[in-house]
Amino acid sequence: MIRVTSPEEVKRIVKAKKQAGQTIGFIPTMGFLHEGHLSLFKKARETSDFVCVSIFVNPTQFGDPKDYSTYPRDIERDAELAEKAGADLLFCPDREAIYPNDEEVTVKVNARTDVLCGASRPGHFDGVATVLTKFFNIFSPDKAYFGLKDAQQVAVVQSLIHSFHYDIELVPCPLVRESDGLAKSSRNVHLSDEERAEAVHLSRGLKAGIETVEAGERDFDAVIRAVRQYYADHLKLGTVDYVDVLNYPECSRKQKTIAGRFIIACAVQYANARLIDNMIADSADIKEAAFHAANIDEK
Ligand code: AMP
């Protein structure tokens, strides 16, 4: 695995690989790698010739400076994991390499930002779209791999690719959970033992929502109420930031009632970690939702 810190060097390497007929797979991350990230590496290993990973804690997507400064980092451990998982190139730039002129030019996202994490983290998706525009130009990947853990991000990035005419295939990858159902996240290390034990209820609350749809409920607000009630009954340490049910990938309510593909999503704030989770399903094929819910082992 080649380790690179300069965008120019990445461009040189990628150009040579492309000239040799290889396809470029790209996985952007903020590091502190876990099995969620590694599932993206695996998918990339299977479907791209030259697998590139970036580790960059992007300052412009953090609203809260404390969240940015305390975001977990361990580059040496990450490099080992990335190499074992089959990455060919690891890009770990510093802030100046990515923002040479500070923020002279940025990207603004105008759709899907008034809901979910867009609403509770103003400017977050502008930061995400700005850094990804830079990375897409540095790597010119054929495929870019993103996890559905951040389903709203997947929808926003798909729109970025389409809007800016990038010749990139976005490959969405399934959300990876702990065996008790907690979505794997770099931020989970900031949970106390009591918070970690309680956090299993995030996915169970979403599952409770899916079950109401399975039972025939099609009213958005009724499903939201069911999830909120579950959280009211089970969360004592965490504070619910949002619970929402929306059409996906539009991230809005297309009709008065749930029809077609939808997302049930939540964000819960603990003392030192804000956790997000979601389940995506299709009301026309609710078995799929049941499949997602069944993946959660309630031992
Ligand atoms: P991050 O380092 O949190 O910015 O995540 C980098 C990529 O890994 C994003 O595309 C995330 O959606 C994805 N990812 C993070 N956690 C998970 C997970 N539990 N399951 C699947 N993908 C994940």
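A quick note: this is a predicted structure, and the numbers were derived from the prediction, not measured.

Here's the deal with the overall build of the protein
- The helix and strand inventory of the protein stands at 12 helices and nine strands.
- Relative to the 2.2 N^0.38 estimate, which gives 19 Å for 299 residues, the radius of gyration of the protein is 19 Å and therefore close to what a compact globule would have.
- For the protein, the C-alpha atoms occupy an extent of roughly 55 × 40 × 35 Å along the three principal directions.
- Summarising the internal contacts of the protein: among those between residues at least 6 apart in sequence, 73% fall at separations of at least 24.
- A total of about 13,800 Å² of accessible surface is found on the protein, and carbon and sulfur atoms cover 49% of it.

Topic: the sheet that holds strand E9 (residues 274-282)
- If you trace the three strands from one edge of the open sheet to the other, you get E7-E8-E9, paired in antiparallel fashion. Of all the strands in the sheet, just strand E7 (239-247) and E9 have a single pairing partner and so form its edges. Neighbour-to-neighbour, the strand axes of the sheet open up by a mean angle of 10°, direction not taken into account.
- Sheet topology places strand E8 (residues 261-269) next to E9; nine bridges connect them, and they run antiparallel. Residue pairing across strands places Cys266 opposite Asp277, the latter belonging to E9.
- Across the sheet, helix H11 (residues 220-234) is in contact with E7 and E8; its angle to E7 comes to roughly 155°.

Notes on empty space enclosed by the protein
- All chains considered together, the criterion is met by one cavity of 30 Å³ or more.
- Counted as a void, the largest cavity has a volume near 40 Å³.
- Along its surface, the largest cavity is lined by Lys149, Leu182, Ala183, Ser185, Asn188, Leu202, Leu275, Ile276 and Asp277.
- At three residues, E9 tops the list of elements feeding residues into the lining of the largest cavity.

What to know about the packing of aromatic side chains
- One pass over the structure, following the stated rule, counts 12 aromatic pairs.
- Relative to Phe135, the ring of Phe26 lies with its centre 5.8 Å away and its plane at 70°, an arrangement referred to as edge-to-face. Placement of Phe26 in strand E2 (residues 24-29) and of Phe135 in helix H7 (residues 124-139) is noted, with a sequence separation of 109 residues between them. Both residues of the pair, Phe26 and Phe135, count as buried.
- Lying across the ring of Tyr68, Arg73 places its NZ or CZ 5.0 Å from the centre.
- For the cation-ring pair, Arg77 lies above Phe32, with the distance from its terminal atom to the ring centre recorded as 4.9 Å.

Section: the nonpolar core
- Counting residues in each nonpolar core, the largest one holds 48 residues, and the members touching the most others are Leu89, Phe91, Leu132, Phe135, Phe136 and Phe139.
- Discounting chain neighbours no more than four positions away, the residues touching Leu132 are Pro28, Phe146, Val157 and Leu160.
- Counting 28 residues, the second-largest nonpolar core is a separate cluster that includes Ile224, Val227, Leu235 and Val243.

Notes on helix H2 (residues 35-47)
- The end-to-end C-alpha distance of H2 is 18 Å, a good match for the 18 Å that 13 residues give at a rise of 1.5 Å each.
- Among the residues of H2, those classed as buried are Gly36, His37, Leu40, Phe41 and Ala44. Seen end-on, H2 carries its buried residues on one side only, within an arc spanning 150°. Of the residues in H2, the exposed ones pointing more than 90 degrees away from the buried face are Lys42 and Glu46.
- Those residues of H2 that are buried lie in contact with E2, strand E3 (50-55), helix H4 (75-84), strand E5 (143-147) and strand E6 (169-173).

A word on the packing of helix H10 (residues 200-214) against H11
- Two numbers describe how H10 lies on H11: the axes approach to 8 Å, and their chain directions differ by 145°. The crossing of H10 and H11 is right-handed. Between H10 and H11, the contacting residues are His201, Leu202, Arg204, Gly205, Leu206, Ala208, Gly209, Thr212 and Val213 on the first element and Val223, Ala226, Val227, Tyr230, Tyr231 and His234 on the second.
- Classifying every residue of the contact of H10 with H11 by side-chain character gives nine nonpolar, five polar and one charged.

A few points about the sheet that holds strand E1 (residues 2-4)
- An order of E1-E4-E3-E2-E5-E6 is seen for the six strands of this open sheet, with the pairing classed as parallel. Across the chains shown, the open sheet's two edge strands, defined by having one partner strand only, are E1 and E6. Strand-to-strand twist across the sheet, computed as the mean angle between neighbouring axes with direction ignored, equals 25°.
- Across six bridges, the pairing between E2 and E3 is parallel.

A look at the packing of H7 against helix H8 (residues 151-163)
- Orientation of H7 relative to H8, taken along the N-to-C sense of each, is 50°, at an axis distance of 11 Å. It follows that H7 is oblique to H8 by the angle criterion. Between H7 and H8 lies a crossing of right-handed hand. Here H7 contributes Phe125, Val128, Ala129, Leu132, Thr133 and Phe136 to the contact with H8, which in turn contributes Gln152, Gln153, Val156, Val157, Leu160 and Ile161.

Parameters at a glance
Residues numbered from 1 in each chain as written. Predicted model: local features only at pLDDT ≥ 70, side-chain atom pairs only at ≥ 80, totals over all residues. Heavy atoms only, no water. Helix = DSSP H or I, 4+ residues; strand = E, 2+ residues; numbered from the N terminus. Rg over C-alpha atoms; globule rule 2.2 N^0.38 Å. Contact = heavy atoms within 4.5 Å. Areas by Shrake-Rupley, 256 points an atom, 1.4 Å probe, with all protein chains shown as cover. Pairing = 2+ DSSP bridges. Axes fitted to C-alpha atoms, helices over the stretch in contact; angles between N-to-C directions. 1 Å grid on protein atoms, 1.4 Å probe; cavity = no way out; pocket = protein on both sides within 12 Å on 5 of 7 lines; lining within 4 Å. Points joined across faces, edges and corners; volume = space filled by probe spheres on them. Phe/Tyr/Trp six-rings, centres within 6.5 Å; stacked < 30°, edge-to-face > 60°. Buried < 20%, exposed > 50% of the residue type's maximum accessible area, 1.4 Å probe, protein only. Lys NZ or Arg CZ within 6 Å of the ring centre and 35° of its normal. Core = buried A, V, L, I, M, F, W, Y, C linked by side-chain atoms within 4.5 Å. Expected span 1.5 Å × (residues − 1). Arc of directions from axis to C-beta. Left-handed = near helix turned anticlockwise from the far one by under 90°. Nonpolar A, V, L, I, M, F, W, Y, C, P; charged D, E, K, R; others polar. Parallel < 35°, antiparallel > 145°, perpendicular 65-115°, else oblique.

Taken by themselves, the reported measurements are silent on function.
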